[in-house]
Protein chains: 2
Amino acid sequence: MSQTPDSAVRTYIEQHRTAFLDDLAEWLRIPSVSAQPDHAPDVRRSADWLAAKLKETGFPTAEVWPTPGAPAVFAEWPGDDPDAPTVLVYGHHDVQPAAREDGWDSEPFEPVVRDGRLYARGAADDKGQVFFHTLGVRAHLAATGRTSPAVHLKLLIEGEEESGSPHFRQLVEDHADRLAADAVIVSDTGMWSEDTPTVCTGMRGLAECEIRLYGPDQDIHSGSFGGAVPNPATAAARLVAALHDEHARVAIPGFYDGIVELTDRERELFAELPFDERQWLRTARSHALHGEAGYTTLERIWARPTAEVNGIGGGYQGPGSKTIIPSTAMVKLSFRLVAGQDPAHLEKAVRAWAADQLPAGIRHEIVFGAAPRPCLTPLDHPALQSLARSMSRAFGTPVRFTREGGSGPAADLQEVLGAPVLFLGISVPSDGWHAPNEKVELDLLLKGVETSAYLWDDLAGHWRDAP
Amino acid sequence: MSQTPDSAVRTYIEQHRTAFLDDLAEWLRIPSVSAQPDHAPDVRRSADWLAAKLKETGFPTAEVWPTPGAPAVFAEWPGDDPDAPTVLVYGHHDVQPAAREDGWDSEPFEPVVRDGRLYARGAADDKGQVFFHTLGVRAHLAATGRTSPAVHLKLLIEGEEESGSPHFRQLVEDHADRLAADAVIVSDTGMWSEDTPTVCTGMRGLAECEIRLYGPDQDIHSGSFGGAVPNPATAAARLVAALHDEHARVAIPGFYDGIVELTDRERELFAELPFDERQWLRTARSHALHGEAGYTTLERIWARPTAEVNGIGGGYQGPGSKTIIPSTAMVKLSFRLVAGQDPAHLEKAVRAWAADQLPAGIRHEIVFGAAPRPCLTPLDHPALQSLARSMSRAFGTPVRFTREGGSGPAADLQEVLGAPVLFLGISVPSDGWHAPNEKVELDLLLKGVETSAYLWDDLAGHWRDAP
C-alpha cells in the first residue's frame, strides 16, 4: 500500500516514539548544570552520551569538542547530492540549576510523564528540542527511501549556554571550517502557543554581571555604629533602585545608545497576534504587568532592552533577627539587549554608572560574564519559507511570526559563519524554562520531529528560489 | 596586718581570679543563641548553669523562670539591714549567632585567652558583664566582713535579649512584686575606652521587622518575561532605597514624630569627649563616615534615631548566574529609637509607608519583633553618684558620662518597677559585640568586679542623700 510522504513520516514516528522518549528520559537524568562547578562531570557525561547516541542514529561523525569550560558535541552527516546546501543545527545540552525544594512536584532529574507532558529540567530547554532532530532525520530517510539526508547535515550542541556561552565564540572561530554552513537552524526557542504555531525571527542579547559591595571589614553592631557609617546592603539596594526611572526605563546613562527602534510595521505585526493579557500573566505566574512606559507587553519582552535583578544578598538571612550592619552585599544583574546595542559599550556604561552611584566607604567590584548578542532573521530568505512550510505541514495550519525575549549565542554563528539563522522551536510559554516543573508537551515534541523530517527535503528543493 | 577596704577587695579578687575565669569560660562554652530555634536547649542549659552557679556563690534564692520563649534567671540575696535599698541587677545570658566561618580566628564557643583578652561569643555581651557581679559580691562580703550584702540584692538575667526580648515585659509584669527595687543596675553596656571610664546615661530603643515580598508564584525566566512584570528583588531594593532621603534622614512619613531633640548643653557635653574620628572608624571597621546631615558622629549613634538594613535576600545567590526573576525577596530592618518615639506609632508608620511604596503585583507581609523602648537616667540621682564614685575607685580616675547607641529592655524595668535605671558596663568599643572575634579585656573585667564590690556599700551609705 503506497503512502504520501507525510503519512510515511507520521507512521515512522508513531512506530519509534517509545524508544525515542526512553532515550530522551535517559539523557534528562544527567544533571548537566553548567553554572555549578560540582556538576562539571555531569556536563561531560551528557556530551559523551549525546555523541554516542548520534552515532547510533547514523551520523558517520560525532565528536565531543572540549573547551576551557564544558564540552560541546559536533556531528556531521553528508548528503548524497554534493550541490545540496549545508545546514548546521544548533542547540545545547547543559541545563539550568534545579532542586526539588525550589517547588518541583517531582525530582527535576527524574523524568516523569503526567497528562501528556514530560516533566524534567531540560525537557524543553533544550534537550527535548535538540533530540527531536535525531528521530526527525531517521523519519526523513525512511519516508524518502534515502540512506543519507537531502542536505549536508551538521549539529553543534554546546555545553555552556546556561552559563552565558563563555567559550562558544572561540569554539566557533576555531572550528569555522568544519562548521561552515549555508544556513543555521537554532532549536532553542519556543512558539506562540499550542494552537498558534509560529516561527521566531529574532532573539534578544544578554549581558550579565555581579556587583560585589564591601563596607565594614566585618559585620558590626547596628546599635553601636548604626546611622554613622555606610551600609553595603543599603548601597546595593540603592544601586538596584537607581536601575530604572519612574517610567520603568533603564536609567543607566548610555544604555539605549545606538538601539534599532521598532518600526510602525513591526509594532502592527505584534499587535495582530492573539495576545490575551490574563492568559499571559498566568503563564508568567505574575500578578500585574509592569514595564517601560509607552510599549506593549510583547514589545517589552521581544524588542525592548531590559535590566533585571536575578539575585540580591547581604547580611543576615536566617531565622529571627541579627542587629548588624553587614560587611558585604551583592547583586546579580542581567540586561537583555536588542539590535544595535553593543555589550562592550554596555559594560563600560554600567561600570561608570555604578562607580558614580556608590557612597564613600563602600568598595566595589563588578564581574561580567559572556554576552550573547541580539540577532534577527532576514524575513525574505527562502530558507525561512521552507521552515514555515515544513512547520505548517506538521501542524496542519499556517504559521505566524514572532520574536523571542530570551538570548542565545546564535548571533555568533551568524557573524562567524556568515550564514542566516533560523529558529525551529516547539516549546510553549507554559513549559517553565528556568523554573520549577519544567516540561515539554509530548504532542508538540513529536510535531518537532515531524517538522525536522520535512525540512531537509524542502530546503534542498527550494534553496535556490529567488527571494 | 590591717588593710584598707580597697586593698582588701583587690587582694580577694587576685586570689579568686583564676577560678572566676574558669567558671566564666565554662559558661561561654554553652552556645545560648536565642535567635536560632535549634539552640533552644542550649539557652535552657545556660539558664540552669547560671542558677546553680549563683547558689554556689551564696545567693539563698536562685530560680529559673520560664517564659513562652527562653527562660530567665532570678536570684535574691537579702541584706542584713532591713532599711537598706533594694537593687536589681539586669543582664542577659543569651548571645548573638556566631560561626567560625564568619571570620573568627578561633571557635566562638571555645573561649581562649590571647594577649590579656578573653575571646568568645558572649565574652562582653553579656555573660562577662553579668558574671563579674558574682565575684564582686563575694569581694564585698570578704572586705567588709559581712555575711550578707549591704543592700537587698536581686538579679534578673534574661534569655531573649538578642532576640528583642519578646517576653520580657510580660515577665517583669508577672513578677513585679518579687522584682520590686529602688534602683536597677543594668550591666549590658560599655564605656568610652580603656583610658576613659564612663557611665552611660541612656540607650536607644529598637524596633525590628522583616518585610517579605512576593512576586511571581515561582522563579520565572528573565528573558521570556523580563521587562514586563514586577520583580520582588527590585521592589525590595526600592523599598530600602526609599528608607533615607538625600540628607540620610529617615524618609518614612511620621518617623520623627514626637522625638525629644538634643539640647545645646547635651551637644556641648558630647563635643567635649575625646573623640578621635580615625580611631572610631578603625573600631567600626569602616572606611568612611556616613549619616544624617547636621549631626556629629556621636550624636548620630547616641541620640538620633536610625533605620538600618540588617539583611536583604532574594533570587539566586549561588556561584555563576541564573537568569530568573525571583519569586520572593525579603529585607530585615531595624530602627533605633530615641526618647519620645513610640514603637507602636513607628510600626503603623512603617506599614503605611511600605504599602505605599510597593508596585501592583507585589504582595507583602511585615513581621515586627519586640520593641525595647529608649531610656535615660536622671543625671541628679544619688545612685548615679554612687556608681560614678565606685567606678572611680576601681579605675583610679574620675569617670565621665556618655550614652549608648544600642538597645535593651531597661526601659521596661524603669516603667514597670518605677525605679531609676543605671548603667554599669566595662566593655570597650573594640570588643566586637555581634561581630566575629568578640572579646573582653581581662583587666577591665576585673575592674568591673571591683566596681561591683564597692557599689553596694556606697549605695547603702548614700541612698538618702538629697539630690
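This one's a predicted model, so the numbers in the text were calculated from it and none came from an experiment.

**Some remarks on the nonpolar core**
Then, number 1: Core analysis: the largest hydrophobic core is formed by 70 residues, its most contacted members being I252(A), F335(A), I252(B) and F335(B).
Then, number 2: Excluding anything up to four places from it in sequence, F335(A) contacts G205(A), L206(A), A207(A), C209(A), L243(A), I252(A), F255(A), T306(A), A307(A), L346(A) and V350(A).

**Here's the deal with the relation of the copies chain A and chain B**
To go from the first copy of the chain to the second, apply a rotation about an axis and then a shift along the same axis.
Then, number 1: Taken as rigid bodies, chain A and chain B are interconverted by a rotation of 180° and an axial shift of 0.0 Å, the fit giving an RMSD of 0.1 Å. The transformation just described matches what one would write down for a two-fold rotation axis.
Then, number 2: Interface overlap between copies is the fraction of interface residues in one copy that are interface residues in the other; for chain A against chain B it reaches 100%, indicating a shared surface.

**Some remarks on the interface of chain A and chain B**
Then, number 1: With 85 residues of chain A in contact, the opposing surface of chain B contributes 86 residues.
Then, number 2: Between chain A and chain B the total buried area reaches about 7000 Å² when both faces are included, carbon and sulfur atoms providing 52% of it.
Then, number 3: Inspection of the chain A/chain B interface yields 45 residue pairs in polar contact (both at pLDDT 80 or more).
Then, number 4: If one sorts the elements of the side of chain A that touches chain B by residue count, strand β11 (residues 306–315) of chain A sits on top with nine residues.
Then, number 5: Per-class residue counts for the side of chain A that touches chain B are 34 nonpolar, 35 polar and 16 charged.

**Thoughts on the side chain of E161(A)**
Residue and element names in this part refer to chain A.
Then, number 1: Structurally, the position occupied by E161 is in the loop between β6 (152–158) and α4 (168–174).
Then, number 2: Buried and without a salt bridge, E161 has R336 as its closest oppositely charged side chain, separated by 7.3 Å.
Then, number 3: For E161, the contacting residues outside a window of four places in its chain are Y90, H92, D94, D188, S407, G408 and P409.

**Overview of the pairing of strand β9 (residues 205–214) of chain A**
Residues and elements named next belong to chain A.
Then, number 1: Among the 10 residues in β9, eight count as buried, and that is most of the element.
Then, number 2: Inspection of the sheet shows β9 paired to strand β13 (residues 328–337) by 10 bridges, in the antiparallel sense. Note on β13: the bridge partner recorded for R212 is M330.
Then, number 3: Of the strand pairs in this sheet, β9 and strand β14 (residues 363–368) are connected by six bridges, and their pairing is antiparallel. Paired with C209 across the two strands is F368, which belongs to β14.

**What to know about the pairing of strand β7 (residues 183–186) of chain B**
All names here are of chain B.
Then, number 1: Because side chains alternate across β7, one face comprises the buried residues A183 and I185, and the other comprises V184 and V186, equally buried.
Then, number 2: Pairing of strand β3 (residues 86–92) with β7, which is carried by four bridges, proceeds in the parallel orientation. Among the inter-strand pairings, Y90 is bridged to a residue of β7, identified as V186.
Then, number 3: Taken together, the three bridges between β7 and strand β17 (residues 421–423) define a ladder with parallel strand orientation. Within β17, the residue paired with V186 across the bridge is F423.

**Examining the sheet that holds strand β2 (residues 72–77) of chain B**
Residues and elements named next belong to chain B.
Then, number 1: If you trace the six strands from one edge of the open sheet to the other, you get β1-β2-β6-β3-β7-β17, paired in mixed fashion. Looking at which strands have only one partner, the edges of the open sheet turn out to be β1 (61–65) and β17. Ignoring strand direction, the axes of neighbouring strands in this sheet form an average angle of 20°.

**Let's talk about the domain arrangement of chain A**
Residues and elements named next belong to chain A.
Then, number 1: Domain assignment breaks chain A into domain 1 (5–203 + 375–462) and domain 2 (205–259 + 305–368).
Then, number 2: Taken together, the contact between domain 1 and domain 2 spans five residues of the former and four residues of the latter.
Then, number 3: Carbon and sulfur atoms supply 48% of the area that domain 1 and domain 2 bury against each other, a total of about 330 Å² over both sides.
Then, number 4: In this assembly, domain 1 and domain 2 are joined by zero salt bridges.
Then, number 5: If you look at where domain 1 meets domain 2, you find zero residue pairs in polar contact (both at pLDDT 80 or more).
Then, number 6: Of the residues that constitute the side of domain 1 that touches domain 2, the class distribution is two nonpolar, three polar and no charged.

**Some remarks on the packing of aromatic side chains**
Then, number 1: Scanning the model with the defined rule gives 28 aromatic pairs over all chains in all.
Then, number 2: With centroids separated by 5.3 Å and ring planes inclined at 15°, the aromatic side chains of F20(B) and F131(B) adopt a geometry described as stacked. Linking F20(B) in helix α1 (residues 5–28) with F131(B) in helix α3 (residues 127–144), this pair joins segments that are 111 residues apart in sequence. Like F20(B), the residue F131(B) is buried in the burial classification.
Then, number 3: Each member of the aromatic cluster is reached from another via a ring pair, and the members are W192(A), F270(A), F275(A), W280(A), W302(A) and F225(B).
Then, number 4: For the cation-ring pair, R114(B) lies above Y119(B), with the distance from its terminal atom to the ring centre recorded as 4.1 Å.

**Observations concerning the sheet that holds strand β3 (residues 86–92) of chain A**
Residues and elements named next belong to chain A.
Then, number 1: Spatial strand order, β1-β2-β6-β3-β7-β17: six strands in an open sheet with mixed pairing. Here the strands that pair on one side only, and so sit at the sheet edges, are β1 (61–65) and β17 (421–423). When the angles between neighbouring strand axes are averaged without regard to direction, this sheet yields 20°.
Then, number 2: Lying over the sheet, helix α14 (residues 442–462) contacts β3, β6 and β7 (183–186), oriented at roughly 145° with respect to β3.

**A short note on the packing of helix α1 (residues 5–28) of chain A against helix α2 (residues 40–57) of chain A**
All names here are of chain A.
Then, number 1: Between α1 and α2, the least distance of the axes is 10 Å, while the angle of their chain directions is 160°. Here α1 is positioned roughly antiparallel relative to α2, judged by the angle of their axes. Facing D23, E26 and W27 of α1, the residues of α2 in contact are S46, W49, L50 and K53.
Then, number 2: Tallied by class, residues from the contact of α1 with α2 come to three nonpolar, one polar and three charged.

**Let's talk about the packing of α1(B) against α3(B)**
Residue and element names in this part refer to chain B.
Then, number 1: Where α1 contacts α3, the two axes come as close as 9 Å, and the packing angle between them is 145°. Remark: the crossing between α1 and α3 carries right-handed chirality. Together, P5, A8, V9, Y12, I13, H16, F20, D23, L24, W27 and L28 of α1 and K127, G128, V130, F131, F132, T134, L135, R138, A139, A142 and A143 of α3 make up the contact between the two elements.
Then, number 2: Partitioning the contact of α1 with α3 into residue classes produces 16 nonpolar, three polar and three charged.

About the thresholds
Residues numbered from 1 in each chain as written. Chains lettered and ligands numbered in written order. Predicted model: local features only at pLDDT ≥ 70, side-chain atom pairs only at ≥ 80, totals over all residues. Heavy atoms only, no water. Core = buried A, V, L, I, M, F, W, Y, C linked by side-chain atoms within 4.5 Å. Buried < 20%, exposed > 50% of the residue type's maximum accessible area, 1.4 Å probe, protein only. Contact = heavy atoms within 4.5 Å. Least-squares fit on C-alpha atoms with pLDDT ≥ 70 in both. Buried area = accessible area lost by both parts, 1.4 Å probe. Polar contact = N/O pair within 3.5 Å; in protein donor to acceptor, adjacent residues only side chain to side chain. Helix = DSSP H or I, 4+ residues; strand = E, 2+ residues; numbered from the N terminus. Nonpolar A, V, L, I, M, F, W, Y, C, P; charged D, E, K, R; others polar. Lys, Arg positive; Asp, Glu negative; His and termini not counted. Salt bridge = Lys/Arg side-chain N within 4 Å of Asp/Glu carboxyl O. Pairing = 2+ DSSP bridges. Axes fitted to C-alpha atoms, helices over the stretch in contact; angles between N-to-C directions. Domains from an automatic or database assignment. Phe/Tyr/Trp six-rings, centres within 6.5 Å; stacked < 30°, edge-to-face > 60°. Lys NZ or Arg CZ within 6 Å of the ring centre and 35° of its normal. Parallel < 35°, antiparallel > 145°, perpendicular 65-115°, else oblique. Left-handed = near helix turned anticlockwise from the far one by under 90°.

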